[in-house]
Amino acid sequence: MRRKDREITDFARIRELIQRCQVCRIALFDEAYPYIVPMNFGISREGEPLTLYFHCAQQGKKLDLMRKNGMVGFEMDGSYRLVTGPRACDTSMAYESVCGCGKLEGCDAAEKEYGLARVMAHYCGEKDYVFDQALLERTQVLRLEVHTMTAKRNG
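Notes on the structure in this doc start here.

The rules we used
All chains use their own residue numbering, which begins from 1 and follows the written sequence. Note on the predicted model: pLDDT of at least 70 is required for a residue's local features to be given, and 80 or more for side-chain atom pairs to be given and counted; whole-chain, interface and lining totals, by contrast, use all residues. Only heavy atoms go into the side-chain values, all of them from the structure, while hydrogens and water stay out. Secondary structure elements are defined from DSSP: runs of H or I of at least 4 residues count as helices, runs of E of at least 2 residues count as strands, and each element is numbered from the N terminus. Burial classes: relative accessible area under 20% of the type maximum marks a residue as buried, over 50% as exposed, and values in between as partly exposed (1.4 Å probe, protein chains only). Think of it this way: a Phe, Tyr or Trp ring, Trp meaning its six-membered ring, pairs with another when their centres are within 6.5 Å, and the plane angle makes it stacked under 30 degrees, edge-to-face over 60, tilted otherwise.

Here we take up unusual backbone geometry. Located in the positive-phi region is E31, a residue other than glycine, with phi close to 55°. With respect to the helices and strands, E31 occurs in the loop between β2 (24–30) and β3 (33–39). Using a relative accessible area of 78% as the deciding quantity, one classes E31 as exposed. Positive phi outside glycine occurs at S79, with the angle close to 55°. Take S79: it is sitting in strand β6 (residues 71–83).

On to the packing of aromatic side chains, then. Per the counting criterion, the structure on display carries three aromatic pairs. When the ring of F41 is compared with that of Y123, the centres are 6.5 Å apart and the planes differ by 80°; the resulting orientation is edge-to-face. Within this pair, whereas F41 is found in the loop between β3 and β4 (42–43), its partner Y123 is found in helix α3 (residues 109–124), the two being separated by 82 residues in sequence. Geometrically, the ring pair formed by Y53 and Y114 is edge-to-face, given 5.5 Å between the ring centres and 85° between the ring planes. With a gap of 61 residues between them, Y53 in strand β5 (residues 51–56) and Y114 in helix α3 connect regions that are remote in the sequence. Judged by its relative accessible area of 30%, Y114 is partly exposed.

See below:
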């Protein structure tokens, strides 16, 4: 990272930043160009390495690409605030962001409800979630084991 003064290295602070983000963008390999898709997500309860969870339909382009190559990049950001100055070049954006890489794969049946509960907890808080079995059968839950990540804050 070029701007070390903006880097966040403390894992607890990175986790807090992630909890403030609303969308995680996943970049998959798609021949000549990356395929990027924004997704709702959840976070593993504790510890390192960090694991992110996503839900989606059981068919689609991202799943096809994941099966070919599950090594993905991800990005999430938030806390935006425009910072203006007297000159155009003095204008900037305050923000927080996390970028990283990891392995994306489907969850087995035993981990599916846990992953969905982590997504729900991210947006609605910690609760004992009960999932409709018919909906569970039609839902794919994905797990991203984060291998590397960097975090940054400006402003």
